[in-house]
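Descriptive analysis of the structure
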Amino acid sequence: MDAILLQILNGLDKGSAYALIALGLTLIFGTLGVVNFAHGALFMIGAFCAVTLNKLLTIGYITIDETQKDFLGNPLKVENTYIESWFGPEIGAAIIDWSVPLAILFSIPIMIAIGFIMERGLIKHFYKRPHADQILVTFGLAIVLQEVIKYFYGANPIPTPAPDMFRGSLDFGVLLGFEPNAIIYPYWRLVYFLFATVIIGAVFAFLQFTTFGMVVRAGMADRETVGLLGINIDRRFTIMFGIAAAVAGLAGVMYAPINSPNYHMGMDFLVLSFVVVVVGGMGSLPGAVLAGFLLGILESFASMNEVKSILPGIDQIIIYVVAIIILLTRPRGLMGRKGVMEE
């Protein structure tokens with residue numbers, strides 16, 4: 001039982017990332033009808049927002065400390081950060097330590113701005129084009145963004161630590177009545193799951209209970225009728241594109257301590273997240289979230305040594321195998337709507 005619970009927990013953090021990216025993909029497809037293959041790049045940019053803020057906060061300068069000497073008796077050069085000199089050593093160190101959570105505030109306007117620029121500058125020209133054209137142009141944009149990140153940040157992963165208080169692990173088994181050390185789960189992975197739950201809940205609440213969200217849902221169902229009522233639905237859909245970009249960016253920010261950001265992480269998650277969208281059902285927000293967590297947990301179970309000893313390499317293909325099975329039995333996915341991407 002403890003091994004099963006551990007694998008479920010291990011699947012939650014990756015499932016959370018899948019669900020958040022798939023949620024943004026589905027928002028864009030459901031509102032604009034665009035298959036956005038650049039969405040994984042937005043996840044990557046979010047992770048590098050965390051990297052950037054951490055680097056900005058640790059910018060320093062050199063001073064001469066006359067109270068400290070080297071072995072020759074010369075005063076030592078000491079590196080200080082500007083943030084510590086402005087706010088004091090304790091507060092400055094705390095700000096640097098909490099750079100990843102602070103990157104949430106740092107990334108939101110950046111991601112919304114990038115989303116607006118992408119939608120207004122490129123994607124709006126492909127609304128009425130075939131989905132194949134949309135895939136090609138957004139996939140090309142994803143490659144460009146990936147290479148830009150590689151140019152400025154290099155090809156190697158950049159470690160981005162979580163705050164000190166979340167760097168340990170929780171003895172989850174003791175809380176459930178198991179033996180000590182039976183289920184050890186890193187604190188930050190638990191934080192990531194809770195964060196993803198809050199973001200997903202906030203998006204659904206926004207769409208369900210606000211006037212803006214209700215109009216967007218109506219536009220997703222019948223865009224022309226909403227437009228005839230005198231509502232500028234295109235502007236609202238552009239705002240939703242910015243929100244979807246922010247959701248992907250926040251997913252990347254909080255994932256940075258789990259998987260050190262690198263320039264190809266967007267592509268790594270994009271293909272799997274698009275499979276998640278298809279399995280959940282194109283255009284279905286609940287389906288995207290359900291499929292994200294389901295496939296994340298299944299991938300975790302497939303990575304167990306006991307499973308891989310029986311089926312070598314199953315952890316690399318389990319998501320695609322499940323996708324094939326579901327689409328053969330339910331061609332529209334788990335919660336897909338009739339008429340979506342059907343001629």
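Structural data are supplied above this passage.
Here goes a summary of the coordinates provided. (Residues numbered from 1 in each chain as written. Predicted model: local features only at pLDDT ≥ 70, side-chain atom pairs only at ≥ 80, totals over all residues. Heavy atoms only, no water.)

1. So, the overall build of the protein
Looking only at helices and strands, the protein features 15 helices and four strands. Projected onto its principal axes, the C-alpha positions of the protein cover 80 × 50 × 35 Å. When the 343 residues of the protein are sorted by exposure, 45% land in the buried category. The long-range share in the protein, meaning contacts at least 24 apart out of those at least 6 apart in sequence, stands at 71%. When the accessible surface of the protein is totalled, it reaches about 16900 Å², and 66% of it is carbon and sulfur. For the protein, the separation between the mean place of its 20 positive charges and that of its 24 negative charges on side chains is 13 Å. (Helix = DSSP H or I, 4+ residues; strand = E, 2+ residues; numbered from the N terminus. Buried < 20%, exposed > 50% of the residue type's maximum accessible area, 1.4 Å probe, protein only. Contact = heavy atoms within 4.5 Å. Areas by Shrake-Rupley, 256 points an atom, 1.4 Å probe, with all protein chains shown as cover. Lys, Arg positive; Asp, Glu negative; His and termini not counted. Charge placed at Lys NZ, Arg CZ, Asp CG, Glu CD.)

2. Here's the deal with a nonpolar patch on the surface
Taken together, the side chains of L56, I59, Y82, W86, F87 and I91 make up a nonpolar region of the molecular surface, amounting to roughly 640 Å² of accessible area. With three residues, helix α3 (residues 82–87) is the single largest residue contributor to the nonpolar patch. Mapped onto the secondary structure, L56 falls in helix α2 (residues 39–57). Taking the relative accessible area as the measure of exposure, L56 reaches 44% and is therefore partly exposed. (Patch = residues over 30% accessible without salt bridge, like charges linked within 9 Å, V, L, I, M, F, W, Y side chains within 5 Å. Salt bridge = Lys/Arg side-chain N within 4 Å of Asp/Glu carboxyl O.)

3. Considering the pattern of salt bridges
Per the counting criterion, the structure on display carries five salt bridges. Two residues, D133 and R129, come together in a salt bridge whose shortest N-O distance is 3.2 Å. On the accessibility criterion, D133 (24% relative accessible area) is partly exposed. Using a relative accessible area of 41% as the deciding quantity, one classes R129 as partly exposed. A salt bridge links R167 to D164, with the nearest nitrogen and oxygen atoms 2.9 Å apart.

4. Structural notes on the side chain of S284
Within the secondary structure layout, S284 lies in the loop between α12 (265–280) and α13 (285–302). A relative accessible area of 6% means that S284 is categorised as buried. For S284, the side chain forms a polar contact with the main-chain nitrogen of G287, separated by 3.0 Å. Among the polar contacts made by the side chain of S284, one reaches the main-chain carbonyl oxygen of M335 at a distance of 3.2 Å. Excluding anything up to four places from it in sequence, S284 contacts T26 and M335. (Polar contact = N/O pair within 3.5 Å; in protein donor to acceptor, adjacent residues only side chain to side chain.)

5. Focus on helix α5 (residues 99–121)
Across its 23 residues, α5 extends 31 Å between first and last C-alpha, which sits within 8% of the 33 Å expected from 1.5 Å per residue. Along its length, α5 shows its largest kink, about 35 degrees, at S107, and proline P109 lies within four residues downstream of that point. (Expected span 1.5 Å × (residues − 1). Bend = angle between axes of the 7 residues up to and from the residue.)

6. With respect to α2
Between its first and last C-alpha atoms α2 spans 28 Å; for 19 residues at 1.5 Å apiece the expected length is 27 Å, and the two agree. The element α2 is largely enclosed, with a buried count of 16 among its 19 residues.

7. Considering the environment of D315
Position of D315 relative to the elements: it lies in helix α15 (residues 314–329). Each C-alpha atom, one on D315 and one on I199, is 28 Å from the other, the two residues being 116 residues apart in sequence. Not counting residues up to four positions away in its chain, the partners in contact with D315 are E299, A302, S303 and K308.

8. Some remarks on the packing of helix α8 (residues 187–209) against helix α9 (residues 211–221)
Where α8 contacts α9, the two axes come as close as 5 Å, and the packing angle between them is 80 degrees. Considering the angle they form, α8 stands roughly perpendicular to α9. On α9, the residues touching F206, L207, Q208 and F209 of α8 are T211, F212, G213, M214, V216 and R217. (Axes fitted to C-alpha atoms, helices over the stretch in contact; angles between N-to-C directions. Parallel < 35°, antiparallel > 145°, perpendicular 65-115°, else oblique.)

9. Considering the packing of aromatic side chains
One pass over the structure, following the stated rule, counts 15 aromatic pairs. Look at F43 and F269: their rings are 4.8 Å apart centre to centre, the planes differ by 45 degrees, and that puts the pair in the tilted class. Of this pair, F43 sits in helix α2 while F269 is found in helix α12, placing the two residues 226 residues apart along the sequence. Neither F43 nor F269 differs from the other in exposure class; each is buried. Between Y82 and W86, the aromatic rings sit 5.9 Å apart at their centres with planes inclined by 35 degrees, giving tilted as the arrangement. Here Y82 and its partner W86 are both found in helix α3, four residues apart, which amounts to about one turn of the helix. Overall, the relative accessible area of 61% leaves W86 in the exposed class. (Phe/Tyr/Trp six-rings, centres within 6.5 Å; stacked < 30°, edge-to-face > 60°.)

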